[in-house]
Protein chains: 2
Amino acid sequence: MAKANKTKSDQNVVAVEATQRNATLTRSRILQAAEAEFADHGFDGVSVRRIAQTADVPVALINYHFGGKEGLYRAIFEMRAPMITDQRIAGLRFAEMEPDPARKVELIVKAVLVPNLHMRSTEKSSSYARILAREVSDPKSHRRGVIQEFFDPIAHKVMEAMQKAMPDRSIEEINWGYQAMLGVMVYTMADTGRISRLSGGRCDPEDEMATATYLVAMMTAALLHGRPHSAAAQHKA
Amino acid sequence: MAKANKTKSDQNVVAVEATQRNATLTRSRILQAAEAEFADHGFDGVSVRRIAQTADVPVALINYHFGGKEGLYRAIFEMRAPMITDQRIAGLRFAEMEPDPARKVELIVKAVLVPNLHMRSTEKSSSYARILAREVSDPKSHRRGVIQEFFDPIAHKVMEAMQKAMPDRSIEEINWGYQAMLGVMVYTMADTGRISRLSGGRCDPEDEMATATYLVAMMTAALLHGRPHSAAAQHKA
DNA sequence: AAATTTCTTGTCAACTTGTTCAATTACCGT
DNA sequence: ACGGTAATTGAACAAGTTGACAAGAAATTT
């Protein structure tokens, strides 16, 4: 009877939850399928129909939930971007507390690289890493603004931290340093076998720990000791 | 009469040359249009029709000359790849003659980066730089093999030179070092405005000299001083 | 001059593309 | 329980895609 009494309110509640769960469940199933397909074939390389087929839903649902192909594309970023942004901010906070300048730079480099490298090696979100790499190196007019909207803020935060850790660096040096970090990271994330092929299997981006070790070491050295000759001379004076 | 006498042979010759010139002229006009379109929109983002329209030729000509969309795509690489490969080889030869190890490494870095950066800033071939950057970070199944076929050999040559210049480095260090160089280069080549935007206009990839200066300095430092801690310790021992 | 090869062109049918529509179902609050 | 809202569905749409063809033009060979 208690059950019966609860019927009115509780049944409604669970019903709401059930529907919403169903709605958001199909929604997330579409997102998951889209993420994988976009990562493998690029924005123009995959059709909405194919995504629908992979997600096992009718085509029309995609337009209903996301308002078109591009809306779906953006939704992926809206879902995933906070994940890595938050990790970077946490890493920067950690670096801020380090007194030794050299170690501080190394921690900043880690704050930038590690979250993404980790994401790549994680099974579930590896496709997002590739989709991100693609987008960075392929800013088509239509979706221009995705990177800017979601990742420019954190980029400025990182460069601010770099400037603080190395006060004698020029704005140009800081910026090129950041670009270098990002380039190495993106290239590694986007890799689909060449690194392993060229190295005869000795280097594997999936090996998160080893990859991070080598890349962090190199980029830290690049930032600490990679000054153009004129700037170095200026520094000596 | 001399003219008339020559008619049979010479007229034929010039006629052949004229036709061939016309043929290769339209052929190169198609290639040029395709290069630009592919660079701007990616392989899947552009239709043969659009390329034909840009080149101002009938669609069927593309199929006739290149045997399809993918053939056209590959033809671009077949035309351009030797250009940069030769430059790199020349750079490596130059580095080989440098006795000072540190300077030798710097010359190797230059041999890798400068040809591509120069190509990017050149008006006519800037689109090829972007198309190349795209292909590196987007090895789709269909055209898989383009990078491997055209650029793996020179990659091995570069790493061989690196190994010679820094004999105490492990294979892993050499490989990751090369990947880092390439990543920075590709990312810079593929850029369509973010670097300039983030730096408030202070950094511009089109400024070949400045870009090369900063990137070469950083990557040289990365190779020379960017050893993982364990390797560095091993080195000290 | 006729035959042949090379090059060029307009057009075609089969097929995808992203999106929209009207109808159907499931679920909510009252 | 019943109207109303949200979610889902299959079908249809218009626009655009591809590769191929046969026929024409130009040039070379016989």
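As the structure is a prediction and not an experimental result, all values here were calculated from the model. (Residues numbered from 1 in each chain as written. Chains lettered and ligands numbered in written order. Predicted model: local features only at pLDDT ≥ 70, side-chain atom pairs only at ≥ 80, totals over all residues. Heavy atoms only, no water.)

Peer 1: Looking at this model, I keep getting lost on the overall build of chain A. Mind explaining?
Peer 2: For chain A, the count of helices and strands is 11 helices and zero strands. Ordered by position in the sequence, the α and β elements of chain A form the string α-α-α-α-α-α-α-α-α-α-α. Taken over 237 residues, chain A has a buried fraction of 50%. Within chain A, contacts between residues separated by at least 24 positions form 68% of all contacts whose residues are at least 6 apart in sequence. (Helix = DSSP H or I, 4+ residues; strand = E, 2+ residues; numbered from the N terminus. Buried < 20%, exposed > 50% of the residue type's maximum accessible area, 1.4 Å probe, protein only. Contact = heavy atoms within 4.5 Å.)

Peer 1: What is the right way to look at the relation of the copies chain A and chain B in this model?
Peer 2: There are two copies of the chain, and a rotation about an axis plus a shift along that axis relates them. The two copies are related by a screw operation: chain A maps onto chain B through 180 degrees of rotation and 0.0 Å of translation along the axis, at an RMSD of 0.1 Å. The symmetry that links the two subunits is that of a two-fold axis. With an isologous cut-off of 70% or more, the 100% of interface residues of chain A that recur at the interface of chain B puts this contact in the isologous class. (Least-squares fit on C-alpha atoms with pLDDT ≥ 70 in both.)

Peer 1: Quick question: what am I supposed to make of the interface of chain A and chain B here?
Peer 2: Accessible area lost during the coming together of the parts is what is often quoted as the interface size. If you look at the interface, chain A gives 58 residues, while chain B gives 58 residues. Overall, the association of chain A and chain B removes approximately 5200 Å² of surface from exposure, summing both partners, and the carbon and sulfur fraction of that is 66%. Of all residues in chain A, A:Trp176, A:Tyr187 and A:Tyr214 give up the largest surface area on contact with chain B, accounting jointly for 16% of the area buried on that side. Seen at the junction of chain A and chain B, the total is six salt bridges. With a shortest N-O distance of 3.0 Å, A:Arg202 and B:Glu172 are connected by a salt bridge. Taken together, chain A and chain B are joined by 10 residue pairs in polar contact (both at pLDDT 80 or more). When residues of the side of chain A that touches chain B are assigned to their parent elements, the largest contribution, 16 residues, is made by helix H8 (residues 171-190) of chain A. Looking at the side of chain A that touches chain B residue by residue, the class counts come to 26 nonpolar, 18 polar and 14 charged. (Buried area = accessible area lost by both parts, 1.4 Å probe. Salt bridge = Lys/Arg side-chain N within 4 Å of Asp/Glu carboxyl O. Polar contact = N/O pair within 3.5 Å; in protein donor to acceptor, adjacent residues only side chain to side chain. Nonpolar A, V, L, I, M, F, W, Y, C, P; charged D, E, K, R; others polar.)

Peer 1: Teacher, can you tell me more about the side chain of B:Glu35 here?
Peer 2: All names here are of chain B. Following the sequence through the fold, Glu35 ends up in helix H1 (residues 2-41). Judged by relative accessible area, which is 2%, Glu35 ranks as buried. If we ignore the near neighbours within four places in the chain, the residues touching Glu35 are Ile76, Met79, Arg80, Ser127, Tyr128 and Ile131.

Peer 1: Help me understand the side chain of A:Arg227 in this model?
Peer 2: Residue and element names in this part refer to chain A. Mapped onto the elements, Arg227 comes out in the loop between helix H10 (208-225) and helix H11 (229-236). Residue classification places Arg227 among the buried positions, given a relative accessible area of 13%. One polar contact links Arg227 to Glu173, side chain to side chain, over a distance of 2.9 Å.

Peer 1: I'm lost on unusual backbone geometry in this one. Help?
Peer 2: As a rule of thumb, non-glycine residues mostly have phi less than zero, and peptide bonds are mostly trans rather than cis. Residues and elements named next belong to chain A. The backbone of Asp56 sits at a positive phi, close to 60 degrees, despite the residue not being glycine. Mapping Asp56 onto the fold places it in the loop between helix H2 (48-55) and helix H3 (59-66). Among the residues examined, Asp56 registers a relative accessible area of 63% and is labelled exposed.

Peer 1: Please explain the confidence of the model for chain A as it appears in this structure.
Peer 2: Interpretation of this model should avoid reading the predicted coordinates in detail wherever pLDDT is low. Residue and element names in this part refer to chain A. When pLDDT is averaged along chain A, the result is 87; 87% of the residues meet or exceed 70. When mean pLDDT is compared element by element in chain A, H10 scores highest at 97, while H11 scores lowest at 62. Under a pLDDT of 50 for its full length, residues 1-16 has, in the predicted model, two contacts with residues more than four places off or in other chains. (pLDDT = per-residue confidence, 0-100.)

Peer 1: Would you mind showing me how to read the pattern of salt bridges here?
Peer 2: Side chains that differ in charge, positive against negative, can pair when their charged atoms come close. Residue and element names in this part refer to chain B. Here the structure, examined in full by the defined rule, presents 26 salt bridges over all chains. With its nearest N and O atoms 2.4 Å apart, the salt bridge here joins Glu149 to Arg74. Linking Glu149 in helix H7 (residues 146-165) with Arg74 in helix H4 (residues 69-96), this pair joins segments that are 75 residues apart in sequence. For Glu149, a relative accessible area of 45% puts it in the partly exposed group. The closest approach of N and O atoms between Arg227 and Asp168, which form a salt bridge, is 3.2 Å. Placement of Arg227 in the loop between helix H10 (208-225) and helix H11 (229-236) and of Asp168 in the loop between H7 and helix H8 (171-190) is noted, with a sequence separation of 59 residues between them. The class of Asp168 is partly exposed, set by a relative accessible area of 38%.

Peer 1: Can you help me understand the environment of A:Glu106 in this one?
Peer 2: Tracing the backbone shows A:Glu106 in helix H5 (residues 101-121). Along the sequence, A:Glu106 and A:Val216 sit 110 residues apart, while their C-alpha atoms lie 7.1 Å from each other. The residues touching A:Glu106, leaving out its near neighbours within four places in the chain, are A:Val216, A:Thr220 and B:His229.

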